[in-house]
Amino acid sequence: MLKTISSWRSFGGTLRVFDHDSTVCRTSMRFSVYSPPQPGKAPVLWYLSGLTCTWENVMSKSGLQRAAAELGMVVIAPDTSPRGEGVADDPEYDLGQGAGFYLTATQAPWSTHFRMDQYIVQELQQLVARNFPNADMTRQGITGHSMGGHGALTLHLKHPQLYRSVSAFSPIVAPTQVPWGQKAFTAYLGDDRDTWSDYDACELVKSRPSQAHVLIDQGGADSFLERELQPERFVAAAKSAGQQVTLRMQEGYDHSYYFIATFIDDHLRWHAQALR
């Protein structure tokens, strides 16, 4: 059962925040839904946030509601991990609560709650289909930022018939090769690196390229660019596999929501065109 936490009118549509008890994550989970003002069925865009974020970051900082209302799109922003009392955590920002990495953890203590890919692809899909009659579940796209960009790319490549369009802001494209991913995957998945490739966009695209055209925006002044993000790795892997990809390097832009807000309308239009 959904519990409404907050509701606001925005550009003629409605932004609502909900809590529910998750069977998959075994705790209460929170997500937000922006519904456009137009009547009838609307395509659905999932937005996956980055490390430390919640649903609120994108909904309060990106200004996406204006374009979503204009284009007639439902936008859904789930949380980035299970949270709350009894959920395993870590003092560092890049592990534990707020840092779910959109995977199913197999190692204790994380395996009890951290099943974010199952939650988004299975449980939340069913919940939205039952409770939001305006959401056209036959027309879904997915996007995200940083860790959420990693989630968007990997979930699309594993479920291309579900998420028919895909884009990302500053994604972690090769988590098996960079410190953020290596730390998280060691904790969540263990030391056997053969199990890591199923959550690495560069590895996935080599074996299962999709029919979609991937859009990636990356800030040229992003302090995480060289150490953690390395989008050129995905471009090379995608091109070798025949996957269409456009990487736009945005000079002078960093990793913040000032960057996302600048280009979010482009991404909504990208998905609206693909999902028509």
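Fair warning: this is a prediction, and the values are worked out from it, not measured in the lab.

Trainee: What is the right way to read the packing of aromatic side chains from this model?
Mentor: By convention here, two paired aromatic rings are described through the distance between centres and the angle between planes. Considering all chains together, one arrives at 14 aromatic pairs under this definition. Ring plane angle 85° and centroid distance 5.4 Å describe the contact between Trp-110 and Tyr-188, whose orientation is recorded as edge-to-face. In this pair, Trp-110 sits in the loop between strand 5 (74-78) and helix 3 (116-131) while Tyr-188 sits in helix 5 (residues 179-189), placing the two residues 78 residues apart along the sequence. In this structure, Trp-110 and Tyr-188 share a single accessibility class: buried.

Trainee: Please explain the nonpolar core as it appears in this structure.
Mentor: One broad trend across soluble globular proteins is that nonpolar side chains are buried collectively. Judged by nonpolar contacts, the single largest core of 66 residues is most densely connected at Phe-31, Trp-46, Phe-101, Tyr-119, Ile-120, Tyr-188 and Phe-234. If one sorts the elements of this core by residue count, helix 3 sits on top with seven residues. Apart from residues no more than four positions distant in its own chain, Phe-31 is found in contact with Leu-2, Arg-16, Val-17, Phe-18, His-20, Ile-76, Ala-77, Pro-78, Tyr-119, Leu-124, Leu-127 and Phe-132. Core analysis: the second largest hydrophobic core is formed by 24 residues, Met-59, Leu-64, Ala-69 and Ala-77 among them.

Trainee: Looking at this structure, how should I read the sheet that holds strand 2 (residues 13-22)?
Mentor: Sheets are built from strands that pair by backbone hydrogen bonding, the pairs being arranged parallel or antiparallel. Pairing is mixed in the open sheet, where nine strands are placed in the order 1-2-3-5-4-6-7-8-9. The open sheet has two edge strands with one neighbour each: strand 1 (3-10) and strand 9 (244-250). Sheet twist, expressed as the mean angle between neighbouring strand axes with direction ignored, is 20°. Bridge analysis of strand 1 against strand 2 gives seven bridges, and the strand direction is antiparallel. Note on strand 2: the bridge partner recorded for Ser-7 is Arg-16. In the packing of helix 4 (residues 147-158) onto the sheet, the strands contacted are strand 4 (42-48), strand 6 (135-144), strand 7 (165-169) and strand 8 (213-219), and the crossing angle to strand 6 comes to about 135°. In the packing of helix 9 (residues 257-274) onto the sheet, contacts are made with strand 4, strand 6, strand 7, strand 8 and strand 9, and the angle to strand 7 comes to roughly 170°.

Trainee: Even after reading the chapter, I still don't get helix 5, so can you show me in this structure?
Mentor: For an α-helix, 3.6 residues make a turn, and residues three or four places apart therefore share a direction. Among all positions of helix 5, only Trp-180, Gly-181, Ala-184, Phe-185, Ala-187, Tyr-188 and Leu-189 are buried. Angularly, the buried residues of helix 5 cover 165° about the axis, an arc narrow enough to put them on a single face. At its buried positions, helix 5 is contacted by helix 4 and helix 7 (225-229). Phi turns positive, to about 95°, at Gly-190, one or two residues after helix 5.

Trainee: It is not clear to me how the pattern of salt bridges should be interpreted in this structure. Could you clarify?
Mentor: Charged atoms that come close allow side chains of opposite charge to pair. In total, this model carries 11 salt bridges according to the counting rule given. The closest approach of N and O atoms between Glu-203 and Lys-206, which form a salt bridge, is 3.3 Å. Pair noted here: Glu-203 and Lys-206 are both in helix 6 (residues 201-207), with a separation of three residues, about one helical turn. Note on Glu-203: relative accessible area 32%, which makes it partly exposed. Taking the shortest distance from any N to any O, the salt bridge between Arg-248 and Asp-217 comes out at 2.8 Å. On the criterion of sequence distance, the pair formed by Arg-248 in strand 9 and Asp-217 in strand 8 is long-range, its members being 31 residues apart. Arg-248 sits in the partly exposed class, given a relative accessible area of 26%. The exposure class of Asp-217 is buried, given its relative accessible area of 0%.

Cut-offs used in this document
Residues numbered from 1 in each chain as written. Predicted model: local features only at pLDDT ≥ 70, side-chain atom pairs only at ≥ 80, totals over all residues. Heavy atoms only, no water. Phe/Tyr/Trp six-rings, centres within 6.5 Å; stacked < 30°, edge-to-face > 60°. Helix = DSSP H or I, 4+ residues; strand = E, 2+ residues; numbered from the N terminus. Buried < 20%, exposed > 50% of the residue type's maximum accessible area, 1.4 Å probe, protein only. Core = buried A, V, L, I, M, F, W, Y, C linked by side-chain atoms within 4.5 Å. Contact = heavy atoms within 4.5 Å. Pairing = 2+ DSSP bridges. Axes fitted to C-alpha atoms, helices over the stretch in contact; angles between N-to-C directions. Arc of directions from axis to C-beta. Salt bridge = Lys/Arg side-chain N within 4 Å of Asp/Glu carboxyl O.

All we've got here are geometric facts, nothing functional implied.
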